[in-house]
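Listed below are the residues making up each chain.
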Amino acid sequence: MGKPTGFIEFNREAPKKTAPEERLQHYREFVAPYTEEKLNQQAARCMNCGVPFCHSGCPLGNIIPEFNDAVYRKNWQEAYEILSSTNNFPEFTGRICPAPCESACVLGINQPPVSIEEIEKHIIEIAFEKGYVEPKAPLVRTGKKIAVIGSGPAGLAAAAQLNQAGHQVIVYERDAHPGGLLRYGIPDFKLEKWVVERRINLMEKEGIIFRCGVEVGKDTSINDLLREYQAIVLAGGSTIPRDLNIPGRELKGVHFAMEFLKQQNQRVSGETIPIEDISAQGKQVVVIGGGDTGSDCVGTSNRQGAAGVTQFELLPQPPAHRTERMPWPTYPMILKTTSSHEEGVQRQWATATKAFIGDEAGNLKALRIVDLQWKMKGDGTYAGFEEVAGSEREIPCGLALLAMGFVAPRQEGLLQQLDIELDERGNVKAAEGKYQTSIPKIFTAGDMRRGQSLVVWAISEGRECARKVDEYLMGKSVLETRDGNSLAMIYG
């Protein structure tokens, strides 16, 4: 424990951010690093609890009190080694994770929790700066070849772990560059793409091969891969967005959120946009969906020069603080105000869209919306809603972005050709904790298996899946378990 009285002496302090009016002029990250003194103080707030609930709050099982202690002592190499033992990509999670570990922080019972996510980001960036992050190619190769299909966070994590186990790993990506959601879904103002490229370059130096612009099942045969590789990991994500099939859905100006966000990321990276240009410039934008993807649409629309941005959420506005139905250490469903919301948006709760309205040329010009009244059960959960009489109205809208989540992986092509077993939600079915599909040499991880989830869960899935693949190929695995141990450590 770095400083026994740290949680008493120091308050939680967020790093400084560039003012909204300034950061709206660019797509770069805008959160400044802590000073060394502030970083030391924030790490000192960790109490090194007898039962550190932050461990279980983190899907990766990060060893948080220990790396906080190392940060307090300014032992950056030790902090990096502890963090990287459970997390392949702390530069990603330190920027874009909603930090369930902080929701489980014991200090958070009656004080603001420890700034775990920011400390994590500082550890990895200091480690890169000091040269601690170096390519670590395995000393011995097993002679086994593994194909990983999809280069999002789950695919990258699986590839990194399997490579460390000594297998030859080839990652297939249908887009022009690797990264999946990290590159094409998350805006640069939250995660600049040099951060992704830095990690990809490191993985290539470690021996991982990336084959981009290749869609398995279309550009190359899955049967060829089944013959060539001893194991295959499906990590294609949950890519079919939830649609809103109401009158006017076919109008020009109604788009899925990821179409909009991917285009902007391509612009920032200097890539060619092969389809119709989607722009918020000068338009009244309505984002339908209140989650993180919707928030990303808000920030991107404002940077593109939207005349105004409104965000709809079907549910009522959540409370600002935990209620008795959100006991610590559960993840609380409370009001979240993101940096994009700070930049300008009108948020409307308990609102449903009934129709898209177009002009004579087929362009979107307005939405017909209605307010909702939610019914509550005795246990405080929602029991459905009804429309508020007389609340139906039209509002101007030139661009509507559907950010209502994802329902399943794309089944046309690869999955259909494999005739692989799916679960009741349309995800690739795999035995819980096994990651093995109905085809023994094929495994699956991430959103393609569990459904739409967090980047940190995708990394966790990729790591756990890699261990199961390693066991399948070798009979046992040297890769770490979720608590950072490996069979080599456990059995000597």
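Definitions and cut-offs
- Residues numbered from 1 in each chain as written.
- Predicted model: local features only at pLDDT ≥ 70, side-chain atom pairs only at ≥ 80, totals over all residues.
- Heavy atoms only, no water.
- Pairing = 2+ DSSP bridges.
- Helix = DSSP H or I, 4+ residues; strand = E, 2+ residues; numbered from the N terminus.
- Axes fitted to C-alpha atoms, helices over the stretch in contact; angles between N-to-C directions.
- Contact = heavy atoms within 4.5 Å.
- Buried < 20%, exposed > 50% of the residue type's maximum accessible area, 1.4 Å probe, protein only.
- Right-handed = clockwise from strand over helix to strand, strands pointing away.
- 1 Å grid on protein atoms, 1.4 Å probe; cavity = no way out; pocket = protein on both sides within 12 Å on 5 of 7 lines; lining within 4 Å.
- Points joined across faces, edges and corners; volume = space filled by probe spheres on them.
- Nonpolar A, V, L, I, M, F, W, Y, C, P; charged D, E, K, R; others polar.
- Core = buried A, V, L, I, M, F, W, Y, C linked by side-chain atoms within 4.5 Å.
- Salt bridge = Lys/Arg side-chain N within 4 Å of Asp/Glu carboxyl O.
- Polar contact = N/O pair within 3.5 Å; in protein donor to acceptor, adjacent residues only side chain to side chain.
- Patch = residues over 30% accessible without salt bridge, like charges linked within 9 Å, V, L, I, M, F, W, Y side chains within 5 Å.
- Areas by Shrake-Rupley, 256 points an atom, 1.4 Å probe, with all protein chains shown as cover.

Caption draft 1: Region of the structure containing the sheet that holds strand β3 (residues 209–212). Judged by pairing direction, the sheet is parallel, and its five strands sit side by side in the order β3-β2-β1-β4-β16 without closing on themselves. Looking at the sheet topology across the chains shown, the edges are occupied by β3 and β16 (442–444). Adjacent strand axes in the sheet meet at a mean angle of 20° when their direction is disregarded. When strand β4 (residues 231–234) meets β16, the two strands line up parallel, connected through three bridges. Counted as the bridge partner of Leu 234 is Thr 444 from β16. Packed onto the sheet, helix α10 (residues 153–164) meets β1 (145–149), β2 (168–173), β3 and β4 and runs at close to 165° relative to β2.

Caption draft 2: Quick look at the pairing of strand β8 (residues 308–313). Of all the six residues making up β8, six are buried; the element is thus mostly covered by neighbouring parts of the structure. Of the two faces of β8, the one carrying Gly 308, Thr 310 and Phe 312 and the one carrying Val 309, Gln 311 and Glu 313 are both buried. Note on the crossover from strand β7 (residues 284–288) through helix α15 (residues 292–303) to β8: the handedness is right-handed. Bridge count between β8 and strand β9 (residues 346–349): four bridges; the pairing is parallel. Note that in β9 the partner of Thr 310 across the bridge is Gln 346.

Caption draft 3: Structural detail: the layout of surface pockets. In this structure, the second largest pocket spans a volume of roughly 550 Å³. Taken together, 23 residues make up the lining of the second largest pocket; nearest its centre are Ser 84, Lys 136, Gln 161, Gln 164 and Glu 480. Every element with two or more residues in the lining of the second largest pocket is listed here: α6 (76–84), α10 and α12 (193–205). Among the residues making up the lining of the second largest pocket, the classes are represented as 10 nonpolar, six polar and seven charged.

Caption draft 4: Up close: the nonpolar core. In terms of nonpolar packing, the biggest core is built from 68 residues, with Leu 182, Val 233 and Val 469 touching the most fellow members. Beyond its immediate chain neighbours, meaning those up to four positions away, Leu 182 contacts Phe 92, Ile 96, Pro 153, Leu 156, Leu 191, Lys 193, Val 196 and Val 455.

Caption draft 5: Seen up close, the pattern of salt bridges. Counting across every chain of the model gives 38 salt bridges. Across the pair Asp 175 and Lys 262 runs a salt bridge whose closest N-O atoms are separated by 2.8 Å. Note that Asp 175 is positioned in the loop between β2 and α11 (181–184) and Lys 262 in helix α14 (residues 257–269), a separation of 87 residues in sequence. Judged by its relative accessible area of 18%, Asp 175 is buried. Looking at Lys 262, the relative accessible area reads 27%, which means it is partly exposed. Among the charged side chains, a network of salt bridges with common partners joins Lys 17, Arg 23, Arg 303, Glu 342 and Glu 343.

Caption draft 6: Summary view of the side chain of His 255. One can find His 255 in strand β6 (residues 254–256). Of the residues examined, His 255 reaches a relative accessible area of 10% and is grouped as buried. A polar side-chain atom of His 255 sits 3.5 Å from a polar atom in the side chain of Glu 259. Filtering out sequence-adjacent residues up to four positions away, His 255 remains in contact with Glu 276, Ile 278, Leu 399, Ala 400, Leu 401 and Leu 402.

Caption draft 7: Quick look at a nonpolar patch on the surface. A cluster of nonpolar side chains, Leu 315, Met 376 and Tyr 382, forms an exposed patch at the surface whose accessible area comes to about 270 Å². Tracing the chain through its elements places Leu 315 in the loop between β8 and α16 (339–342).

Caption draft 8: Spotlight on the sheet that holds strand β14 (residues 399–402). Read across the sheet, five strands follow the order β6-β14-β7-β8-β9 without closing on themselves; strand pairing throughout is parallel. The sheet is open, and its two borders are formed by β6 and β9, each paired with just one other strand. Going from strand to strand, the sheet's axes swing by 20° on average, the running direction of each strand aside. As paired elements, β6 and β14 share three bridges and run parallel to each other. Following the sheet pairing, Phe 256 is matched in β14 by Leu 402. Contacts from α14 reach β6 and β14 within the one sheet, and its direction differs from that of β6 by about 75°. In the packing of α15 onto the sheet, the strands contacted are β7, β8 and β14, and the crossing angle to β8 comes to about 175°.

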